[in-house]
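# Survey of secondary and tertiary structure
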Amino acid sequence: MNSIINDIEIIKTKTSKINEVDFDNLKFGSVFSDHMLECNFKDGKWQAPKVLPYQPIVLDPSAKIFHYGQSIFEGMKAYKDVDENVWLFRPLDNFKRLNISAKRLAIPELPENYFMDGLKALLEVDQEWIPKKDGSSLYIRPFVFASGNGFHASPADEYKFIICTAPSGAYFAGEVRVLIEEKYSRSANGGVGFAKAGGNYAGQFYPTQLAIDKGYQQVIWTDDNTHEYIEEAGAMNIFIRINDTLITGPTSDRILDGITRKSIIELAKKEGINVEVRKITVSEVVEAAKNGSLKEMFGAGTAAVISPIAGFGYKDADYELPKLDETYASFLKKRITDIQTNKAEDIFGWRYQV
Ligand SMILES: Cc1ncc(COP(=O)(O)O)c(C=O)c1O
């Protein structure tokens, strides 16, 4: 690994858990590595980050995170190639997006070197936790929340920035059937949908459970105003293939600027696939399903990279997608994961060696 800034204090655990972990049977995000990065904001500035043993956080019951939900996060992955080099994928984009989220939630923005050097220090200490098995990776969860106290509905004066990591196996969602949402919304114009704010996800749980109760696995979010425009698939961006054109909605106040989404757009264009970034209506998708021009729908995000959709429900009717031998979904997923894991040339400069 390349050198990191020297002034990050590192306190190592005396009791590593690594031998208790079955690296051949890793579930997503449920086993946590030995260490975490912690950085506190107090007295008006971010204090030096530290690597500490993974441990509980002690907070006052009046901490503002519990009352006003000032909380943001990121999701990214580290990969090990066959030579045990460690790679990240577009990590500066995660850093920038964390600060976009911070600004919207009135959380103080982080300096770039605290994020990047802190992350590199953590990965160096826990490098044995980065799985080597094909398809596996170390899921990285940076987050920031209000740790300052008080019942005043105002921004806190203290915050914690923490990074935890979780070795994770290949993510297969299986046959995903989705319900196009007609009533609930995950975000609204002028709201926080473009930020990775914790509350966005809390607001999704109830409508998602209603969809699960009806036999679907996920919700397709539509715009809050008319419910006529397709926006996101659960906590993923969405792509729709009509004939040979790949369509995704433009990012907005309501749609997260996904790193997988923008990588797919660039990659697909480079591969000669016709890509349209434009609003797409539910009626257009239903019509395409009826006339046979709807070929594929898939979600795109860091965890699954690409998650194909097998069918969707809308207004009490169900629509099946065709089972194609060759899909844009599997082609693009392979191209992206090959770049991420250093199996293919990276002409875009997305891969980042740690
Ligand atoms: C709401 C939402 N949309 C899209 C994405 C996909 O973003 P990315 O590709 O950066 O993981 C995520 C996950 O981060 C998300 O939470």
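Criteria and thresholds
Residues numbered from 1 in each chain as written. Predicted model: local features only at pLDDT ≥ 70, side-chain atom pairs only at ≥ 80, totals over all residues. Heavy atoms only, no water. Helix = DSSP H or I, 4+ residues; strand = E, 2+ residues; numbered from the N terminus. Rg over C-alpha atoms; globule rule 2.2 N^0.38 Å. Buried < 20%, exposed > 50% of the residue type's maximum accessible area, 1.4 Å probe, protein only. Contact = heavy atoms within 4.5 Å. Areas by Shrake-Rupley, 256 points an atom, 1.4 Å probe, with all protein chains shown as cover. Lys, Arg positive; Asp, Glu negative; His and termini not counted. Charge placed at Lys NZ, Arg CZ, Asp CG, Glu CD. Axes fitted to C-alpha atoms, helices over the stretch in contact; angles between N-to-C directions. Parallel < 35°, antiparallel > 145°, perpendicular 65-115°, else oblique. Left-handed = near helix turned anticlockwise from the far one by under 90°. Domains from an automatic or database assignment. Buried area = accessible area lost by both parts, 1.4 Å probe. Salt bridge = Lys/Arg side-chain N within 4 Å of Asp/Glu carboxyl O. Polar contact = N/O pair within 3.5 Å; in protein donor to acceptor, adjacent residues only side chain to side chain. Nonpolar A, V, L, I, M, F, W, Y, C, P; charged D, E, K, R; others polar. Phe/Tyr/Trp six-rings, centres within 6.5 Å; stacked < 30°, edge-to-face > 60°. Lys NZ or Arg CZ within 6 Å of the ring centre and 35° of its normal. Near = heavy atom within 4 Å.

### Considering the overall build of the protein
From N to C terminus, the protein includes 7 helices and 19 strands. Relative to its length of 354 residues, the protein is compact, with a C-alpha radius of gyration of 21 Å against a globular reference of 20 Å. Expressed as lengths along the three principal axes of its C-alpha atoms, the size of the protein is roughly 60 × 55 × 35 Å. The 354 residues of the protein split such that 52% are buried. Counting contacts in the protein only where the partners sit at least 6 residues apart, residues at least 24 apart contribute 71% of the total. Accessible area for the protein stands at about 16,500 Å²; split by element, carbon and sulfur atoms hold 49% of it. The protein carries 42 positive and 49 negative side-chain charges, and their two centres are separated by 1 Å.

### With respect to the packing of helix 2 (residues 91-104) against helix 3 (residues 112-125)
Across the interface, helix 2 lies against helix 3 with an axial gap of 10 Å and an inter-helix angle of 135 degrees. The orientation of helix 2 relative to helix 3 falls into the category oblique. Helix-helix and strand crossings are classified by hand; for helix 2 and helix 3 the assignment is right-handed. On helix 3, the residues touching P91, L92, N94, F95 and L98 of helix 2 are E112, F115 and M116.

### Brief notes about the environment of E128
Structurally, E128 is set in the loop between helix 3 and strand 8 (137-146). Sequence separation between E128 and P49 is 79 residues; the distance between their C-alpha atoms is 21 Å. Non-local contacts of E128, meaning those with residues more than four positions away in its chain, are made with I18, F23 and K80.

### Examining unusual backbone geometry
One non-glycine residue with positive phi stands out, namely A106, at about 55 degrees. By the element assignment, A106 lies in the loop between helix 2 and helix 3. Classification of A106 by relative accessible area gives partly exposed; the value is 43%. Despite not being glycine, N342 has its phi angle at roughly 65 degrees, a positive value. Within the secondary structure layout, N342 lies in the loop between helix 7 (328-340) and strand 19 (351-353).

### Some details on the domain arrangement of the protein
Looking at the protein, the domain boundaries give domain 1 (2-168) and domain 2 (176-340). Taking the mean C-alpha position of each, domain 1 and domain 2 sit 28 Å from one another. Each side of the interface is counted separately: domain 1 has 20 residues, and domain 2 has 21 residues. Here domain 1 and domain 2 share an interface that buries about 1,700 Å² over both sides, 61% of which is from carbon and sulfur atoms. On the surface where domain 1 and domain 2 come into contact, there are 2 salt bridges. Notably, a salt bridge pairs D93 with K262, separated by 3.5 Å at the nearest N-O pair. Put simply, domain 1 and domain 2 have 11 residue pairs in polar contact (both at pLDDT 80 or more) between them. Contributions of two or more residues to the side of domain 1 that touches domain 2 are made by strand 5 (71-73), strand 6 (76-80), strand 7 (86-89) and helix 2. Per-element tally for the side of domain 1 that touches domain 2: the top contributor is helix 2, with 6 residues. Of the residues in the side of domain 1 that touches domain 2, the class split is 10 nonpolar, 4 polar and 6 charged.

### Considering the packing of aromatic side chains
The way to describe two aromatic rings as a pair is by their centre distance and the angle between their planes. Overall, the coordinates contain 14 aromatic pairs when judged by the stated rule. Aromatic side chains F312 and Y319 sit 4.8 Å apart centroid to centroid with 15 degrees between the ring planes, which places their arrangement in the stacked category. Classification of F312 by relative accessible area gives buried; the value is 1%. One aromatic cluster is present, formed by F41, W46 and Y159 through successive ring pairs. Looking at R241, its charged tip hangs above the ring of Y328, at a distance of 3.9 Å from the centre. Seen from the ring of W87, R351 lies directly overhead, with NZ or CZ sitting 5.1 Å from the centre.

### Here's the deal with the site of the ligand
Neighbouring the ligand are 15 residues; K196, Y201, E232, T260 and T302 lie closest to it. Interatomic distance of 2.5 Å between a side-chain N/O atom of Y201 and an oxygen atom of the ligand. Interatomic distance of 2.5 Å between a side-chain N/O atom of T260 and an oxygen atom of the ligand. Partitioning the shell around the ligand into residue classes produces 6 nonpolar, 5 polar and 4 charged.

### A few points about the pattern of salt bridges
Inspection of every chain in the model, using the stated rule, returns 22 salt bridges. For D24, the salt bridge is made with K133, and the minimal N-O distance between the two is 3.9 Å. Residue D24 is found in the loop between strand 1 (9-10) and strand 2 (35-42), and its partner K133 is found in the loop between helix 3 and strand 8; the two are separated by 109 residues along the sequence. Its relative accessible area of 43% is what places K133 among the partly exposed residues.

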